[in-house]
Amino acid sequence: MTTIRLTVAQALVRFLAAQYTERDGTRQRLIGAVWGIFGHGNVAGIGQALVEYADLMPYHQGRNEQAMVHAAVGYARQSGRLSTHAVTTSIGPGATNLVTGAALATINHLPVLLLPGDVFAARPADPVLQQLEVPYAGDVSVNDTLRPVSKYFDRITRPEALVPSALQAMRVLTDPVDTGAVTLALPQDVQAEAHDWPERFFAERVWTVRRPGADAAELTEAVRAVRAARRPLIIAGGGVHHSRAETALAEFAGATGIPVASTQAGKGSLRHDHPQDVGGIGHTGTATADALARTADLVIGVGTRYTDFTTASGTLFENPAVRFVNLNIAPFDGHKLAGLPLVADARSALGELTEALGMHGHRVAGEYVAEYTEGKERWERTVDACFAAPDPAARPTQPQVLGALDALVDESDIIVNAAGSLPGDLHKLWRVRSADQYHLEYGYSCMGYEIPAALGVKLAAPERNVWALVGDGTYLMLPTEIVTAVQEGVAIKLVLLQNHGYASIGGLSEAVGAERFGTAYRYPAGDGTYTGAPLPVDLAANAASLGMRVLRAGNVEELRAALGEARAADVPTCVYVETETSDTVSGAPPAQAWWDVPVAATATRPSAVKARELYERHVSTRRRHL
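Residues numbered from 1 in each chain as written. Predicted model: local features only at pLDDT ≥ 70, side-chain atom pairs only at ≥ 80, totals over all residues. Heavy atoms only, no water.

**Student:** For this particular structure, what's the right way to read the overall build of the protein?
**Tutor:** Counting its regular elements, the protein contains 24 helices and 23 strands. Taken over the C-alpha trace, the protein has a radius of gyration of 25 Å; the compact-globule value for 626 residues is 25 Å, and the two agree within 12%. By its C-alpha atoms, the protein is 70 × 70 × 55 Å across when sized along the principal axes. Classification of the 626 residues of the protein by burial places 57% in the buried group. With the model as given, the accessible surface of the protein reaches about 24400 Å², and the carbon-plus-sulfur share is 53%. (Helix = DSSP H or I, 4+ residues; strand = E, 2+ residues; numbered from the N terminus. Rg over C-alpha atoms; globule rule 2.2 N^0.38 Å. Buried < 20%, exposed > 50% of the residue type's maximum accessible area, 1.4 Å probe, protein only. Areas by Shrake-Rupley, 256 points an atom, 1.4 Å probe, with all protein chains shown as cover.)

What follows is the structure, encoded as structure tokens:
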């Protein structure tokens, strides 16, 4: 057997450079690049290996470890989960900073490879700098915090252990059911240790991403359920995008006339102007989609996890006779809500369903089509009213900011968002023009995701205009990767909305009787609350200080001009605008369905007492689907 003598870190980098995925005849690199921040725990190992093999493995310099994971996740999602990035950190705080990003990746079923440094395996000095001492276990380090948020975890304590572990890591990254964060913890001494590696370990390896079809019996049951339904509704989840099943869904919906509502992850499964698209579903959904959900006798979930936002915390599907057919590649999700499972790839099974139903000439009744078509048209008028800005000299509301952007973009633009009041406004109002235009991370809804994720998306699609939409609260969480965008000339567009605090949580706080306590960016008022004057914080100046070109917009007219200028820019550009929030949190339509946030069971303040009464009325409508 021919061998090659390399360090563990060098062997890992060479191995990663030779890994590929293939689906539908298209092959691409699995690990497109490595993000890294170096410290004593990885500089002499992975750091040296990346210099050694700079011609094989691109490197991106990050500023925050969590942000690096977000950038890798953004890249992976834009790449259809067929390619991702790795992230390397030192031991200690560098490693634990990965946890939030890892949780986000795993919850959203998006692949990312984490390579944190670890304490010495041989323990020549104990403890070393940044080591967590655990008196009852000598084999625990801070990296063990990554175990519950990783789909695969291993600690490489001997060089020869890398071979099986690296292969297992690639298997998980490319498995459409099990993918998520994968962690290989690398003790700093082992990284630099030399070993004789089998030459075949570095041969090109192609991981086929499978498209399993439906089980014949499950398909028969699903067809029978669809044919028996009079008011069926499709809920499109993120699995539609992961499978690249948008065309198959459009064909199925068009052939059967069944309306399609979408989760945050599934929005864009149909274009906004497709006749069967009825918009977002659930707490942040449209009135049209939620009305259909309340009367549906069959819900066909395609690639959805049925989160509480989608089901309105178990109160949305009111029809006593409602049944569920769950098309999902993951059996765990296929069995939710006591539904009929259709465990298969979304694109494969949608094609099989369309063919099987076509044999029977199945289509919903014309009256049902007319009903949801009229509802769709009514909601479009609602969107028009929210986007309209009759006074160009006025400060815009948040929906008017979206309206100005909506009037500017085309199907090549990509919108990135994750947290605050923007996800609700976008889910209700945004008119999606292409399958991958709407990039909402709402599985973890992580503040600070947007800017680094936009960087990752732009790296995956350099020819596209990529917009990160953030409020001031989100911006202050994680603006650091602006520096990376400037350094590498990645021309992301940032729309920064200043509303002086956590506007979304402020609105929720008021609704649950907490009186917006601690949600505004204001001076203390002397009574324990923060209700004084707004803080004199200049976020536009902050973005500019990080190297970004900044355009300030004081009114609607200036906003439109600034957005147009930003879209044409070939450097990272920020549009800063202060929004009007005097009437409501955002000016968008209120929630069309409930969301369960428990309210204090006992209180003396009238606002909390009133909120509890309303809460108990909503809770009484919750049901278990059995």
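There is more to say, and it comes next.
**Student:** Any chance you could explain the packing of helix H1 (residues 8-17) against helix H2 (residues 43-52) here in plain terms?
**Tutor:** Axes are the key here: two packed helices are described by the angle between their axes and the distance separating the axes. One can describe the packing of H1 onto H2 by two numbers: an axis separation of 8 Å at closest approach and a directional angle of 50°. One element, H1, and the other, H2, form an angle in the oblique class. Where H1 crosses over H2, the handedness of that crossing is right-handed. Together, Ala9, Gln10, Leu12 and Val13 of H1 and Gly45, Ile46, Gln48, Ala49, Leu50 and Glu52 of H2 make up the contact between the two elements. Across the contact of H1 with H2, the residue classes tally to six nonpolar, three polar and one charged. (Axes fitted to C-alpha atoms, helices over the stretch in contact; angles between N-to-C directions. Parallel < 35°, antiparallel > 145°, perpendicular 65-115°, else oblique. Left-handed = near helix turned anticlockwise from the far one by under 90°. Contact = heavy atoms within 4.5 Å. Nonpolar A, V, L, I, M, F, W, Y, C, P; charged D, E, K, R; others polar.)

**Student:** Looking at this structure, I do not really get the pattern of salt bridges. What am I missing?
**Tutor:** In a structure, side chains of opposite charge can pair up when their charged atoms sit close to one another. Applying the stated criterion across every chain yields a total of 33 salt bridges. For Arg549, the salt bridge is made with Glu565, and the minimal N-O distance between the two is 2.3 Å. Taken together, the positions of Arg549 in strand S22 (residues 549-553) and Glu565 in helix H23 (residues 556-568) put the pair 16 residues apart, joining distant regions of the chain. You can call Arg549 partly exposed: its relative accessible area is 33%. For Glu616, the salt bridge is made with Arg612, and the minimal N-O distance between the two is 3.0 Å. Residue Glu616 and its partner Arg612 are located together in helix H24 (residues 606-619), separated by four residues, close to a single helical turn. Linked through salt bridges whose partners overlap, the residues forming this network are Glu380, Asp384, Asp406, Arg431 and Arg433. (Salt bridge = Lys/Arg side-chain N within 4 Å of Asp/Glu carboxyl O.)

**Student:** Sorry, what's going on with helix H15 (residues 366-387) here?
**Tutor:** Helical periodicity: at 3.6 residues per turn, an α-helix aligns residues three or four positions apart in one direction. Taking 1.5 Å as the rise per residue, H15 with 22 residues should run 32 Å; its terminal C-alpha atoms sit 32 Å apart, in good agreement. Every buried residue belonging to H15 is among Tyr368, Val369, Tyr372, Gly375, Lys376, Trp379, Val383, Cys386 and Phe387, and all of these are buried. Buried residues of H15 fall within an arc of 130° about the axis and therefore sit on the same side. Along H15, the residues that are exposed and aim more than 90 degrees away from the buried face are Gly366, Glu367, Arg381 and Ala385. Of the surrounding elements, those touching the buried residues of H15 are strand S12 (232-236), strand S14 (277-280), helix H11 (287-295), helix H16 (398-406) and helix H17 (422-429). (Expected span 1.5 Å × (residues − 1). Arc of directions from axis to C-beta.)

**Student:** Help me understand the sheet that holds strand S20 (residues 466-471) in this model?
**Tutor:** Backbone hydrogen bonds are what pair the strands of a sheet, in a parallel or an antiparallel way. Strand order in the open sheet made by the six strands is S19-S18-S20-S21-S23-S22, with parallel pairing throughout. This sheet does not close on itself; its edge strands, each paired only once, are strand S19 (438-440) and S22. Averaged over neighbouring strand pairs, the angle between their axes works out to 20° when direction is ignored. Note that strand S21 (residues 493-498) and strand S23 (residues 573-578) share six bridges and pair parallel. Counted as the bridge partner of Gln498 is Glu578 from S23. (Pairing = 2+ DSSP bridges.)

**Student:** For this particular structure, what's the right way to read a nonpolar patch on the surface?
**Tutor:** A surface patch of nonpolar side chains, about 240 Å² in accessible area, is lined by Phe38, Val43 and Tyr59. Tracing the sequence through the fold places Val43 in helix H2. (Patch = residues over 30% accessible without salt bridge, like charges linked within 9 Å, V, L, I, M, F, W, Y side chains within 5 Å.)

**Student:** Please clarify how unusual backbone geometry should be interpreted in this entry.
**Tutor:** Keep in mind that most residues, glycine aside, have a negative phi and that most peptide bonds are trans. The linkage connecting Asp126 with the following residue, Pro127, adopts the cis geometry, with an omega of 10°. Within the secondary structure layout, Pro127 lies in the loop between strand S7 (112-118) and strand S8 (152-155). Phi is positive for Ala312, close to 50°, though the residue is something other than glycine. Its location among the elements puts Ala312 in the loop between helix H12 (308-311) and strand S16 (323-328). The phi dihedral of Ser445 is positive, around 45°, even though this residue is not glycine. Structurally, Ser445 is set in the loop between S19 and helix H18 (450-460). Overall, Ser445 belongs to the partly exposed group, its relative accessible area being 27%.

**Student:** How should the environment of Tyr59 be read in this particular structure?
**Tutor:** Here Tyr59 lies in strand S5 (residues 59-61). Residue class for Tyr59 comes out partly exposed when judged on its relative accessible area of 32%. When the C-alpha positions of Tyr59 and Leu551 are compared, they lie 31 Å apart, and in sequence the two are 492 residues distant. Filtering out sequence-adjacent residues up to four positions away, Tyr59 remains in contact with Val34, Trp35, Gly36, Phe38, Leu50 and Glu488. Polar side-chain contacts of Tyr59 include one of 2.8 Å to the backbone oxygen of Gly36. (Polar contact = N/O pair within 3.5 Å; in protein donor to acceptor, adjacent residues only side chain to side chain.)

**Student:** Just checking my understanding: could you explain the packing of aromatic side chains for this structure?
**Tutor:** Any two aromatic rings considered together are summarised by their centre-to-centre distance and by the angle between their planes. Going through the model one piece at a time under the given rule, you end up with eleven aromatic pairs. A ring pair is formed by Phe309 and Tyr442, whose centres lie 5.2 Å apart and whose planes are at 75°; its orientation type is edge-to-face. Note that Phe309 is positioned in helix H12 and Tyr442 in the loop between S19 and H18, a separation of 133 residues in sequence. Measuring from ring centre to ring centre gives 5.3 Å for Phe317 and Phe324, while their planes differ by 80°; the resulting arrangement is edge-to-face. Residue Phe324 is classed as buried on the basis of its relative accessible area, which comes to 3%. Clustering of aromatic rings is evident, with ring pairs tying together Phe15, Trp197, Phe201 and Phe202. The cationic tip of Arg27 hangs over the ring face of Tyr20; the distance from NZ or CZ to the ring centre is 4.2 Å. Lying across the ring of Tyr438, Lys267 places its NZ or CZ 5.6 Å from the centre. (Phe/Tyr/Trp six-rings, centres within 6.5 Å; stacked < 30°, edge-to-face > 60°. Lys NZ or Arg CZ within 6 Å of the ring centre and 35° of its normal.)

**Student:** Sorry if this is basic, but what is going on with helix H6 (residues 162-173) here?
**Tutor:** A rise of 1.5 Å per residue sets the reference length of H6, with its twelve residues, at 16 Å; its end C-alpha atoms lie 16 Å apart and thus fit the reference within 8%. Within H6, the full set of buried residues consists of Leu162, Ser165, Ala166, Ala169, Met170, Val172 and Leu173. The arc that holds the buried residues of H6, viewed along the axis, is 165°, so those residues lie on one side.

**Student:** What am I meant to see in the sheet that holds strand S2 (residues 19-23) here?
**Tutor:** The sheet built from three strands is open, its strands ordered S3-S2-S11 with mixed pairing. Either end of the sheet is taken by a strand with one partner, and the two such strands are strand S3 (26-29) and strand S11 (205-208). Direction aside, neighbouring strands of the sheet carry axes that sit 30° apart on average. Taken together, the four bridges between S2 and S11 define a ladder with parallel strand orientation.

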